[in-house]
Amino acid sequence: MILGYKGETMSNLHLLYLSRQDVEKVALDLPTIIELLEKAFREKGQGKVELPPKPGIHTQPNAFIHAMPAYIPSLHSAGIKWVSGYPDNPPKGLPYISGLLILNDEETGIPYAVMDCTWITAYRTGAASALSAKYLARPDSKTLGILGCGVQGRTHTEALTTLFPIERVYAYDILPEAQEKFIAEMRQKFPAIEFIGVSNPKAAVTQITLMITARPILDHPTPTIEKDWLQPGAFASAVDFDSYWKGEALVQIDRFTTDDLAQMEYYRTVGYFKETPQPYADLGEIVAGKKPGRLSPTERTMAMNLGLAMDDMAVAPTIYQRAKEMGLGVVLPL
Ligand SMILES: NC(=O)c1ccc[n+]([C@@H]2O[C@H](COP(=O)([O-])OP(=O)(O)OC[C@H]3O[C@@H](n4cnc5c(N)ncnc54)[C@H](O)[C@@H]3O)[C@@H](O)[C@H]2O)c1
């Protein structure tokens, strides 16, 4: 199926450019994003997705610019995300995450869309954690902990409330003003949920059944979460890799997973995950039914998802199609 090009010839090739605002206006809903990711992970588990480990360049300490290509045949999605993460940007009034995503026609290889990738990165990451939780968390989970009240703290709260009957959220940020802002915003968005600010990470981790850690990823982690803080039966998603979790807490996890085993191995070769155990499965294997998810209500489970190009490519074509229907974006000659 040709998504981007119909009846165009060499002389009139065009692409659609979608700015950050255009993508935000599409505001694709989380149930759809989670569903698209589930399809993509099932196909990955069946070995059908092309997903090379991401190469990157590093112009500043703790910062990255990554190239993330993927092809998902069943979604007719082929493309690449070129994304940067610069932790020193926010104090300068600049975003931590920024970048562009290109979609290519699967039959001709010709690019048909370029879009800002900030929104997709924020939402697909929350949705991937929610999908992991669908298979690894207790379905009756009512309490959520958020460490790091930034963009990911927000999208994860939204994604998890889509799938779980959350009644109470414990939130912590190293910056009290970030924590207060998060709580005020979330109270407005989810008036039925109780949001409680805590003064240290332990107060959140010990009281919840769903845990999200989302502080900046560090080259040299300074973890604080200790053994026994996460309670039996709880699920955690470490969006910030091992930055928050001590090795002694990680080895206590009964079912430790990631989103792609090959990429975790690649990260190990460049110095990450020194105290991180070997996952028993990746999310694709679990969704495809090749490996089990949670087996008992008392298991401690965890997803340490690295963020895959496939997540972005699962979502981007639907954003493109909705944007076209809504008349958004600028058509540019190729
Ligand atoms: N694994 C993935 O797929 C994936 C995808 C996107 C982002 N990320 C990661 O998620 C993390 C958060 O990203 P974001 O876009 O939400 O960033 P952000 O800058 O919006 O939010 C980070 C928050 O963490 C807070 N913080 C800093 N140090 C802290 C600490 N020690 N304890 C508690 N809070 C602390 C900051 O004050 C800020 O509010 C980053 O590590 C990013 O690299 C992972």
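What you see is a predicted model, and the numbers here were worked out from it, not measured in a lab. (Residues numbered from 1 in each chain as written. Predicted model: local features only at pLDDT ≥ 70, side-chain atom pairs only at ≥ 80, totals over all residues. Heavy atoms only, no water.)

Engineer: Is there a simple way to explain the nonpolar core in this structure?
Structural biologist: Generally speaking, nonpolar side chains in soluble globular proteins are found buried as a group. If you look at the biggest cluster of nonpolar residues, it comprises 73 residues, and the most contacted ones within it are Ile-33, Leu-103, Met-115, Leu-160, Met-310 and Ile-319. When residues in this core are grouped by element, the largest group, 10 residues, is from helix H3 (residues 118-136). Viewed by domain, this core spans two of them, domain 1 (10-120 + 311-333) and domain 2 (125-309), each represented by three or more residues. Apart from residues lying up to four places away in sequence, Leu-103 is in contact with Ser-77, Ala-78, Gly-79, Ile-110, Pro-111, Tyr-112, Ala-113, Met-115, Met-313, Ala-316, Pro-317 and Tyr-320. (Core = buried A, V, L, I, M, F, W, Y, C linked by side-chain atoms within 4.5 Å. Buried < 20%, exposed > 50% of the residue type's maximum accessible area, 1.4 Å probe, protein only. Helix = DSSP H or I, 4+ residues; strand = E, 2+ residues; numbered from the N terminus. Domains from an automatic or database assignment. Contact = heavy atoms within 4.5 Å.)

Engineer: Looking at this structure, how should I read the site of the ligand?
Structural biologist: Contacts to the ligand come from 25 residues, most closely from Gln-152, Asp-173, Arg-215, Ile-217 and Tyr-244. Within the side chain of Asp-173, one N or O atom sits 2.6 Å away from an oxygen atom of the ligand. Ile-174 places a main-chain nitrogen or oxygen 3.4 Å from a nitrogen atom of the ligand. Protein chains bury 87% of the 860 Å² of accessible surface belonging to the ligand in isolation. Of all elements in the fold, only H3 and helix H4 (151-163) reach the threshold of two or more residues within the shell around the ligand. With 3 residues, H3 is the single largest residue contributor to the shell around the ligand. In terms of residue class, the shell around the ligand is made up of 14 nonpolar, 7 polar and 4 charged. (Near = heavy atom within 4 Å. Polar contact = N/O pair within 3.5 Å; in protein donor to acceptor, adjacent residues only side chain to side chain. Areas by Shrake-Rupley, 256 points an atom, 1.4 Å probe, with all protein chains shown as cover. Nonpolar A, V, L, I, M, F, W, Y, C, P; charged D, E, K, R; others polar.)

Engineer: How should unusual backbone geometry be read in this particular structure?
Structural biologist: With the exception of glycine, the majority of residues adopt a negative phi angle, and the majority of peptide bonds are in the trans configuration. Although it is not a glycine, Asn-62 adopts a positive phi angle of roughly 65 degrees. Mapped onto the fold, Asn-62 is located in the loop between strand E2 (56-57) and strand E3 (64-72). At Phe-241, a residue that is not glycine, the phi angle is positive and equals roughly 55 degrees. In this structure, Phe-241 sits in the loop between strand E11 (235-238) and helix H7 (247-250). Overall, the relative accessible area of 4% leaves Phe-241 in the buried class.

Engineer: What should I look at first to understand the pairing of strand E1 (residues 14-18) in this one?
Structural biologist: Successive side chains on a regular strand alternate, one facing one side of the sheet and the next facing the other. As paired strands, E1 and strand E15 (residues 330-333) are joined by 4 bridges and run antiparallel to one another. Looking at E15, one finds that Tyr-17 is bridged to Val-330. (Pairing = 2+ DSSP bridges.)

Engineer: For this particular structure, what's the right way to read the packing of H3 against helix H10 (residues 309-325)?
Structural biologist: Working note: a packed helix pair is described by the angle between its axes plus the distance between those axes. Closest axis-to-axis distance for the H3/H10 pair is 10 Å, and the angle between their directions is 120 degrees. In terms of axis orientation, H3 runs oblique to H10. Read as a crossing pair, H3 and H10 show a hand that is right-handed. Facing Trp-119, Ile-120, Thr-121, Arg-124 and Ala-128 of H3, the residues of H10 in contact are Asp-311, Asp-312, Val-315, Ala-316 and Ile-319. For the contact of H3 with H10, a count of residues per class yields 6 nonpolar, 1 polar and 3 charged. (Axes fitted to C-alpha atoms, helices over the stretch in contact; angles between N-to-C directions. Parallel < 35°, antiparallel > 145°, perpendicular 65-115°, else oblique. Left-handed = near helix turned anticlockwise from the far one by under 90°.)

Engineer: Is there a simple way to think about the packing of H4 against helix H5 (residues 176-189) in this case?
Structural biologist: Put simply, H4 and H5 touch, their axes get as near as 11 Å, and they point 25 degrees apart. Compared by their axis directions, H4 and H5 come out roughly parallel. Here H4 and H5 pass one another in a crossing that is right-handed. Contacts between H4 and H5 involve Gly-153, Arg-154, Thr-157 and Glu-158 from the former and Lys-181, Phe-182, Glu-185, Met-186 and Lys-189 from the latter.

Engineer: Looking at this structure, how should I read empty space enclosed by the protein?
Structural biologist: Over the atoms, a rolling probe the size of a water molecule traces out where space has been left empty. The full count for this structure, using the stated rule, is 1 cavity of 30 Å³ or more. Estimated volume of the largest cavity: approximately 40 Å³. Contributing to the lining of the largest cavity are Ile-225, Glu-226, Asp-228, Trp-229, Leu-230, Trp-245, Ala-249, Gln-252, Ile-253 and Arg-300. (1 Å grid on protein atoms, 1.4 Å probe; cavity = no way out; pocket = protein on both sides within 12 Å on 5 of 7 lines; lining within 4 Å. Points joined across faces, edges and corners; volume = space filled by probe spheres on them.)

Engineer: When you look at the pairing of E11 in this model, what are you seeing that I'm missing?
Structural biologist: Residue alternation in E11 divides its side chains into two sets, Phe-235 and Ser-237 and Ala-236 and Ala-238, and both sets are buried. Bridge analysis of strand E10 (residues 210-213) against E11 gives 4 bridges, and the strand direction is parallel. Note that in E11 the partner of Thr-213 across the bridge is Ala-238. In the sheet, E11 pairs with strand E14 (residues 301-303) via 3 bridges, with the strands oriented parallel. Across the sheet, Ala-236 pairs through a bridge with Met-302, a residue of E14.

Engineer: Is there a simple way to think about the packing of aromatic side chains in this case?
Structural biologist: Between two aromatic rings, the relevant description is the distance of the centres plus the angle of the planes. Following the criterion strictly, the structure yields 10 aromatic pairs and no others. Where Tyr-267 meets Phe-273, the ring centres are 6.0 Å apart and the plane angle is 80 degrees; that geometry is what we call edge-to-face. The exposure class assigned to Phe-273 is buried, which follows from its relative accessible area of 2%. Ring centres 6.1 Å apart and planes at 45 degrees place the aromatic pair Tyr-272 and Phe-273 in the tilted group. Aromatic rings pair up to connect Phe-241, Tyr-266, Tyr-267, Tyr-272 and Phe-273 into one cluster. (Phe/Tyr/Trp six-rings, centres within 6.5 Å; stacked < 30°, edge-to-face > 60°.)

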